[in-house]
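Close look at the chain arrangement
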Amino acid sequence: MAVVDAFPARKRRPLVVVDSPKLSSSSEAKLTRSLFVASHEISSMLPLPFFLRRNSLSLIRKVQILASVFDELLRSQSVSNYYSQSALLCFEEMLLVMHRIKSLIDDCSRASRLWLLLQIDVVSFSFHELVADLSTVLDILPVHDLGLSDDAQDLISLLRKQCSHSMMFQFVDPRDDALRRKVADTIDAIKRHQISPHHSTLTAIFNDLGFTDSASLTDEIQRLEDEIHDHIDDRSKSSAASLIGLVRYSKCVLFGPSTPSPPDFRRHKSLSDVNIPADFRCPITLELMRDPVVISTGQTYDRESIDLWIQSGHSTCPKTGQVLKHTSLIPNRALKNLILLWCRDQKIPFELSGEGGGGDAGAPCDEAAEFTKMMVEFLIGKLSAADKNGVVFELRALAKSDTVARACIAEAGAIPKLVRYLGTECPSLQINAVTTILNLSILEQNKTRIMETDGALNGVIEVLRSGATWEAKANAAATLFSLAGVSAYRRRLGRKARVVSGLVDLAKRGPTSSKRDALVAILNLVAERENVGRFVEAGVVEAAGDAFRELPEEAVAVVEAVVRRGGLMAVSAAFSLIRLLGEVMREGADTTRESAAATLVTMCRKGGSELVAEMAAIPGIERVIWEMIGAGTARGGRKAASLMRYLRRWAAGDTHHETTTAETHSIVVPTPSRIFTPVL
């Protein structure tokens with residue numbers, strides 16, 4: 001919320017009598033009641049504490065006088081004649097002023113205190129302007145036409161004098177301005193001279209602002225983060241980022257690192273805890289899109305995913321199969337804004353990616369780099385203290401915030417220190433350590449640092465396999481997913497048997513949120529063809545099949561990727577899922593139905609007549625296919641049409657349909673008493 005943006009200058013309506021329609025008595029009564037209600041709402045409001053108190057208190061007291069006048073008007077209206085047109089126009093204008101007063105005080109009450117303090121000139125002028133508007137309306141109000149008592153008329157005369165008197169004084173309270181200068185000087189000393197503020201200076205500033213504990217500063221950080229999201233211009237974002245850096249540093253210095261209690265362990269929801277709308281997911285990774293872009297076919301993908309797809313040599317659209325006319329990526333800003341709003345409503349941290357593909361929300365945070373460096377140095381120095389868990393938690397929260405923080409933490413040598421706590425017996429410390437490494441891995445250069453740090457990768461793998469909690473295991477899986485964003489690391493991770501078995505085991509045994517993290521990590525790793533066989537041998541198809549009803553999108557996508565890249569061994573492993581895939585085609589969401597149909601097409605093409613026969617045995621399968629052809633998505637319709645051709649040819653006895661491997665090899669259907677090991 002920016003007060004200057006919330007209350008822009010507006011054109012005043014002319015307060016003239018001509019050309020204004022005469023209101024009915026019911027409309028007059030409604031207008032009077034609205035003024036009565038609005039004035040009493042403002043009268044009951046408390047003045048702003050700490051600063052802007054004089055400005056807000058002055059306005060509230062003036063409205064309290066008006067409330068008495070409207071109280072009398074409302075009581076006497078039943079016997080009153082129509083008001084004059086001039087009076088009605090004044091009342092309408094006054095009601096607008098009332099709404100602006102209430103909105104301004106409400107917004108200031110909810111906004112970041114530090115942000116308001118640095119905007120004190122603008123905000124104070126907004127109060128001053130409202131007093132001027134109220135004074136203008138009162139000056140032209142035809143008091144004698146209202147039938148007011150002498151006492152009420154005296155109140156209006158008194159209010160006119162008070163408004164005129166207020167206009168003569170400086171609209172910024174000198175005490176507020178002194179506090180603003182103190183904060184601005186502190187920020188300037190840090191930015192320009194890298195001077196760490198003294199403990200007593202920070203104590204004085206934050207006491208004056210009413211921040212008396214760690215929780216209040218945490219709330220202030222959240223409000224400042226909202227300011228960054230609410231502003232478009234980089235200057236405002238940079239100012240808010242600097243304030244966030246100051247508050248974070250001060251919070252640690254004044255109150256020390258602290259870990260929240262278990263019920264409030266995560267301030268924000270995890271993506272694993274909510275159902276992401278299908279339109280917000282990238283069709284390639286099924287993850288929430290951070291930087292949606294449109295390709296030449298009109299389909300939208302996350303920039304990082306489609307970039308990797310194109311750089312891997314593909315020249316077609318992953319979803320439609322159409323040949324790309326060009327490889328330009330057009331930012332989908334409308335969808336990006338919708339995703340941002342949804343994340344804020346769900347209280348999910350959302351990191352905005354830059355349109356160049358390499359930046360994020362941290363871009364304007366370069367202004368806060370000195371604050372971040374100070375805080376990182378302070379926290380790293382505290383890692384030898386008794387409260388290691390609190391320090392690591394603060395590093396975790398800082399690493400989640402922006403790119404500058406991630407770079408500063410890694411450059412300060414935090415990764416080797418965090419590795420020590422991956423094997424700790426303290427569950428919360430282990431969670432904080434692995435989650436900090438996860439947050440650091442979002443930055444591209446940190447992926448290399450993590451992979452090259454002795455013990456880091458093995459430590460994450462051990463947490464995945466034998467972590468103290470499901471949350472720790474899930475975050476270890478998410479870390480592997482992040483590291484696998486680099487093609488070379490994807491191959492390296494896929495060659496490690498402990499990674500493969502750990503992810504498959506988590507997908508089999510974990511709770512829903514942990515299973516989702518495991519399946520998404522597997523989906524990333526099986527993008528490398530050489531990894532697929534190891535996952536199939538570890539039982540990934542069975543694990544995904546068990547998750548069909550629980551996590552249909554992720555599970556079906558894993559099976560599709562494995563079958564597409566895995567050859568006959570993968571097709572054989574997926575034979576038992578044919579009926580489940582048919583159920584998904586009947587009842588699933590559009591993207592899941594597409595994926596199920598694509599999986600069956602690949603299996604029919606590679607597996608031969610036995611697989612087509614098994615699909616044909618699904619009750620009502622032809623009707624489901626026809627429905628997808630007629631009412632499904634474009635890709636789903638094409639896949640369904642291919643399935644229908646396979647069924648028709650199989651029914652006609654033509655087993656030499658469009659096959660590749662199946663032209664010379666028929667799939668051997670696995671049975672409980674026999675293990676099939678095909679020759680690939």
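Residues numbered from 1 in each chain as written. Predicted model: local features only at pLDDT ≥ 70, side-chain atom pairs only at ≥ 80, totals over all residues. Heavy atoms only, no water.

Per an unreviewed UniProt entry, the recorded name for the protein is RING-type E3 ubiquitin transferase, and the organism is Camelina sativa. Here the protein is described in UniProt, under the heading Pathway (unreviewed entry), as follows: "Protein modification; protein ubiquitination." (UniProt positions renumbered as here; feature names shortened; annotations may be inferred.)

1. A short note on the overall build of the protein
Scanning the protein from terminus to terminus reveals 32 helices and three strands. Counting only residues that meet the buried cut, the protein has 52% of its 680 residues in that class. Long-range pairs, those at least 24 residues apart, make up 74% of the contacts in the protein with a sequence separation of at least 6. A total of about 30,300 Å² of accessible surface is found on the protein, and carbon and sulfur atoms cover 52% of it. (Helix = DSSP H or I, 4+ residues; strand = E, 2+ residues; numbered from the N terminus. Buried < 20%, exposed > 50% of the residue type's maximum accessible area, 1.4 Å probe, protein only. Contact = heavy atoms within 4.5 Å. Areas by Shrake-Rupley, 256 points an atom, 1.4 Å probe, with all protein chains shown as cover.)

2. Quick look at the packing of aromatic side chains
All chains considered together, the criterion is met by four aromatic pairs. Pairing Phe 70 with Phe 91 gives two aromatic rings, centres 5.9 Å apart and planes at 70°, and the pair type is edge-to-face. With Phe 70 in helix α3 (residues 53-76) and Phe 91 in helix α4 (residues 85-110), this residue pair connects regions lying 21 residues apart in the sequence. Like Phe 91, Phe 70 is buried. Against the face of Trp 470 rests Lys 473, its NZ or CZ located 4.6 Å from the ring centre. (Phe/Tyr/Trp six-rings, centres within 6.5 Å; stacked < 30°, edge-to-face > 60°. Lys NZ or Arg CZ within 6 Å of the ring centre and 35° of its normal.)

3. Considering helix α7 (residues 150-167)
A rise of 1.5 Å per residue sets the reference length of α7, with its 18 residues, at 26 Å; its end C-alpha atoms lie 26 Å apart and thus fit the reference within 8%. Listed as buried for α7 are Ala 152, Gln 153, Ile 156, Leu 159 and Cys 163. On an axial view of α7, the arc spanned by its buried residues comes to 115°, and they lie on one face. Exposed side chains of α7 directed beyond 90 degrees from the buried face belong to Asp 150, Asp 151 and Lys 161. Its buried side turned inward, α7 meets α3 and α6 (120-140). (Expected span 1.5 Å × (residues − 1). Arc of directions from axis to C-beta.)

4. A word on the packing of helix α18 (residues 427-441) against helix α19 (residues 444-452)
Packed helices, taken two at a time, are described by the angle their axes make and the gap between the axes. Running from N to C, α18 and α19 cross one another at 135°; their axes reach a closest spacing of 7 Å. Classified by the interaxial angle, the pair formed by α18 and α19 is oblique. Residues Ile 437, Leu 440 and Ser 441 of α18 pack against Asn 446, Lys 447 and Ile 450 of α19. (Axes fitted to C-alpha atoms, helices over the stretch in contact; angles between N-to-C directions. Parallel < 35°, antiparallel > 145°, perpendicular 65-115°, else oblique.)

5. Some words on the packing of helix α20 (residues 456-466) against helix α23 (residues 497-509)
Two elements in contact, α20 and α23, have axes whose closest approach is 9 Å; the angle formed by their N-to-C orientations is 30°. Of the possible angle classes, the one that applies to α20 and α23 is roughly parallel. In this structure, the crossing between α20 and α23 has a hand that is left-handed. Residues Asn 458, Ile 461, Glu 462, Leu 464 and Arg 465 of α20 lie in contact with α23, whose contacting residues are Arg 498, Val 499, Ser 501, Gly 502, Leu 503 and Leu 506. Per-class residue counts for the contact of α20 with α23 are five nonpolar, three polar and three charged. (Left-handed = near helix turned anticlockwise from the far one by under 90°. Nonpolar A, V, L, I, M, F, W, Y, C, P; charged D, E, K, R; others polar.)

6. Observations concerning α23
The end-to-end C-alpha distance of α23 is 18 Å, a good match for the 18 Å that 13 residues give at a rise of 1.5 Å each. Of the residues making up α23, those classed as buried are Val 499, Val 500, Gly 502, Leu 503, Val 504, Leu 506 and Ala 507. Close packing links the buried residues of α23 with α20, α21 (470-483), α22 (487-494), α24 (512-525), α25 (529-538) and α26 (540-546).

7. A few points about the environment of Pro 283
Within the secondary structure, Pro 283 is located in the loop between α11 (234-255) and β1 (292-294). Sequence-wise, Pro 283 and Tyr 301 are 18 residues apart; in three dimensions their C-alpha atoms are separated by 6.4 Å. Those residues in contact with Pro 283, other than ones at most four positions away along the chain, are Thr 300, Tyr 301 and Lys 319.

8. Remarks on the environment of Gly 467
Along the chain, Gly 467 turns up in the loop between α20 and α21. Its relative accessible area of 13% is what places Gly 467 among the buried residues. In this structure the C-alpha to C-alpha distance between Gly 467 and Leu 422, which are 45 residues apart in sequence, comes to 8.6 Å. Residue contacts for Gly 467: discarding those within four places in its chain leaves Gln 430, Glu 462 and Lys 473.

9. Some words on the nonpolar core
With 183 residues, the main nonpolar core has Phe 206 and Leu 503 as its most contacted residues. Broken down by element, this core gets its largest block of residues, twelve residues, from α4. Discounting chain neighbours no more than four positions away, the residues touching Leu 503 are Leu 464, Ala 477, Leu 480, Ala 518, Ala 521, Ile 522, Leu 525 and Phe 535. By size, the runner-up hydrophobic cluster in this structure holds 18 residues, among which are Cys 282, Leu 288, Ile 295 and Cys 317. (Core = buried A, V, L, I, M, F, W, Y, C linked by side-chain atoms within 4.5 Å.)

10. Quick word on the environment of Ser 315
Tracing the sequence through the fold places Ser 315 in the loop between α12 (303-311) and β3 (330-331). Looking at Ser 315, the relative accessible area reads 44%, which means it is partly exposed. Residues Ser 315 and His 326, eleven residues apart in the sequence, show an inter-C-alpha distance of 8.8 Å. Apart from the residues lying within four places of it in its own chain, the contact partners of Ser 315 are Gln 322, Val 323 and Leu 324.

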